[in-house]
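Examining the three-dimensional arrangement
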Amino acid sequence: MKTTIKQAKQHIGQEVTIGAWLHNKRSSGKIAFLQLRDGTGFMQGVAVKSELDEETFQLAKDLTQETSFYITGTITEDDRSDIGYEMQVKSIEVISESHDYPITPKDHGTEFLMDHRHLWLRSRKQHAVMIIRNEIIRATYEFFNEHGFTKIDPPILTASAPEGTSELFQTQYFDQDAYLSQSGQLYMEAAAMAYNKVFSFGPTFRAEKSKTRRHLIEFWMIEPEMAFCNHEESLEVQEQYVTHIVQSVLKNCELELKALDRDTTNLEKVATPFPRITYDDAVEFLKEQRFEDIEWGEDFGAPHETAIANHFDLPVFITNYPTKIKPFYMQPNPENEDTVLCADLIAPEGYGEIIGGSERINDLSLLEQRIDEYGLDADSYDYYLDLRRYGSVPHSGFGLGLERTVAWISGVEHVRETSPFPRLLNRLYP
Ligand code: 4AD
Ligand code: MG
């Protein structure tokens, strides 16, 4: 019977055939331990000389790293293995030999590994990260579908900028300039007026000249937008959503978290409500720490965010930032008009901002004034102003960056390992 490594646990005691690659091996004169991988998992195959004909045992011993084959044998329970079972090998049919595989079990530098990203994806840790990414995607659809959201896909080729004009990728759209989407938000606001609660999940692009562990040029963002929803209600959705994805990974990706040596103590503590701190209080807090120089009105950098997050050991909302360091569309804070009704969600352990969100301006004249103050071209926002002309309602939304969230939950240091083929400042290959 043909099966996979993952499914093989349903076949304990049975003889099965699995299409696999040789990940690694150890052998002696009498026994060969084959580390098999088939994309669904990793499993040990045991080839014992005394139980095989000479040719088969020799073949098992000679298999080279990443050679592909069909392998047949009996699945047996094994307490020492992560997955709880292994294969007693009976026969091997080589499909394609692999020689001089570039990624050997020794240590390689990051640039070398990134140059071989198409192969590096096969490694145990990289495999685990992508499985966790997939689980977060699955749990995202589950959460928003269960909470009455409709998925709407905003365009990727756009004529204007939602998040400031300096980080746009420009391209040619026949005889007109176009930009790759930085965020689908403005379109999602239109969608919320048509479908009430909506979410998008798609690629976004930032031509940021940043080379940090948190920045990608191309990343995926989940952008929910909710009509008749104020800032506080939006924060509640955010904390429920983030809790749901953390719990889903803890429940469904035990093997992967183990493969990554992820200490899950802090993840297990994630529960609603999340701690909140206003921007004003955060500035005071930072001054008391080692950041005497920080001035009210400045944006926080990575060290500031890390200091705040470490203090709480949980994801923390920093709320009500100064208006002038945030985009044009945010609703003023009625308690202090120099600040806006917004929050960034900062992940613990130095992973930084994973969500940016806000209540949106719903008053036409205030929005027109902001577009003007921010030096934006009013004509390209006319459709956006229509949303305030025809039945404007209070509404809020947010954007969660997938790769930063995967990095935090998996515990990998750098976002480049959370995207299958990351686009970085100096990397468009492979
Ligand atoms: O804070 P940002 O820029 O917010 C927006 O784009 C809003 N329009 C979202 C909304 O309200 N609908 O980006 C949102 C999130 C960040 O918190 C971060 O997780 C991620 O997107 N992000 C990046 N991730 C990787 N690399 C980059 N260069 C990123 N820039 C933002
Ligand atoms: Mg932000």
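Quick caveat, the model's predicted, so the values are computed rather than measured.

The next point concerns the packing of aromatic side chains. Inspection of the entire model under this criterion finds 21 aromatic pairs. Pairing Phe144 with Phe149 gives two aromatic rings, centres 4.8 Å apart and planes at 75 degrees, and the pair type is edge-to-face. Across the pair, Phe149 and Phe144 agree in class, each one buried. For the ring pair Tyr279 and Tyr321, a centre distance of 5.4 Å and an interplane angle of 45 degrees mean the geometry is tilted. Of the two residues, Tyr279 is situated in helix α9 (residues 279-288) and Tyr321 in the loop between β14 (316-319) and β15 (332-333); the sequence distance between them amounts to 42 residues. Judged on exposure class, the residue Tyr279 and its partner Tyr321 are both buried. Chaining the aromatic ring pairs together yields one cluster made of Tyr141, Phe143, Phe144, Phe149, Phe199, Phe201, Trp220, Tyr241 and Phe398. Its guanidinium or amino end placed over the ring of Tyr351, Arg213 lies 4.8 Å from that ring's centre, counting from NZ or CZ.

Before going further, it helps to examine the packing of helix α6 (residues 231-252) against helix α13 (residues 402-410). At a minimum axis distance of 11 Å, the contact between α6 and α13 shows a crossing angle of 50 degrees. Judged by the inter-axis angle, α6 sits oblique to α13. Considering the relative orientation of α6 and α13, their crossing is right-handed. Contact residues: α6 offers Val242, Ile245, Val246 and Val249, while α13 offers Thr405, Trp408 and Ile409. Of the residues in the contact of α6 with α13, the class split is 6 nonpolar, 1 polar and no charged.

Moving on to the layout of surface pockets. For the largest pocket, the calculated volume is near 980 Å³. When contributions to the lining of the largest pocket are tallied by element, the ones reaching two or more residues are β12 (218-227), α10 (302-312), β18 (352-359), β19 (395-401) and α13. Looking at the lining of the largest pocket, the element that brings in the most residues is β18, giving 5 residues. Among the residues forming the lining of the largest pocket, the class breakdown is 15 nonpolar, 12 polar and 14 charged.

Turning to the confidence of the model for the protein chain, a few remarks are in order. Chain-level statistics for the protein chain give a pLDDT mean of 96 and a share of 100% at 70 or above. Mean pLDDT per element in the protein chain: strand β10 (residues 176-180) is the minimum at 93, and β19 is the maximum at 99.

Before going further, it helps to spend a moment on the side chain of Thr323. Along the chain, Thr323 turns up in the loop between β14 and β15. Once residues lying within four places of it in the same chain are set aside, the contact partners of Thr323 are Glu337, Asp338, Thr339, Val340, Arg370 and Tyr374.

This brings us to the site of ligand 1. Not every one of the 22 residues close to ligand 1 is listed here, only the nearest: Glu163, Gln185, Leu216, Glu223 and Glu353. When isolated, ligand 1 has an accessible area of 630 Å², and the protein chains bury 94% of it. Judged by its atoms lying within 2 Å of the grid points, ligand 1 is housed in the largest pocket. Elements supplying a minimum of two residues to the shell around ligand 1: β12, β18 and β19.

What follows covers a negative patch on the surface. A cluster of acidic residues, Asp280, Asp281, Glu284 and Glu288, forms a negative patch at the surface. The topology assignment puts Glu284 in helix α9.

Turning our attention to helix α5 (residues 185-195). The complete set of buried residues in α5 reads Gln185, Leu186, Met188, Glu189, Ala191 and Ala192. Where the residues of α5 are buried, they touch β11 (197-205), β12, α12 (382-389) and β19. The positive-phi residue at the C-terminal boundary of α5 is Asn196, with phi of around 70 degrees.

With that settled, consider unusual backbone geometry. Across the junction of Thr272 and Pro273, the peptide omega takes the value -10 degrees, indicating a cis bond. Checked against the element boundaries, Pro273 lands in the loop between α8 (265-268) and β13 (276-278). Of note, the bond from Tyr429 into Pro430 is cis; its omega dihedral lies within 30 degrees of zero at -5 degrees. For Pro430, the position within the fold is in the segment after α13.

Conventions we followed
Residues numbered from 1 in each chain as written. Chains lettered and ligands numbered in written order. Predicted model: local features only at pLDDT ≥ 70, side-chain atom pairs only at ≥ 80, totals over all residues. Heavy atoms only, no water. Phe/Tyr/Trp six-rings, centres within 6.5 Å; stacked < 30°, edge-to-face > 60°. Buried < 20%, exposed > 50% of the residue type's maximum accessible area, 1.4 Å probe, protein only. Helix = DSSP H or I, 4+ residues; strand = E, 2+ residues; numbered from the N terminus. Lys NZ or Arg CZ within 6 Å of the ring centre and 35° of its normal. Axes fitted to C-alpha atoms, helices over the stretch in contact; angles between N-to-C directions. Parallel < 35°, antiparallel > 145°, perpendicular 65-115°, else oblique. Left-handed = near helix turned anticlockwise from the far one by under 90°. Contact = heavy atoms within 4.5 Å. Nonpolar A, V, L, I, M, F, W, Y, C, P; charged D, E, K, R; others polar. 1 Å grid on protein atoms, 1.4 Å probe; cavity = no way out; pocket = protein on both sides within 12 Å on 5 of 7 lines; lining within 4 Å. Points joined across faces, edges and corners; volume = space filled by probe spheres on them. pLDDT = per-residue confidence, 0-100. Near = heavy atom within 4 Å. Areas by Shrake-Rupley, 256 points an atom, 1.4 Å probe, with all protein chains shown as cover. Sits in = over half its atoms within 2 Å of the grid points. Patch = residues over 30% accessible without salt bridge, like charges linked within 9 Å, V, L, I, M, F, W, Y side chains within 5 Å. Salt bridge = Lys/Arg side-chain N within 4 Å of Asp/Glu carboxyl O. Lys, Arg positive; Asp, Glu negative; His and termini not counted. Charge placed at Lys NZ, Arg CZ, Asp CG, Glu CD.

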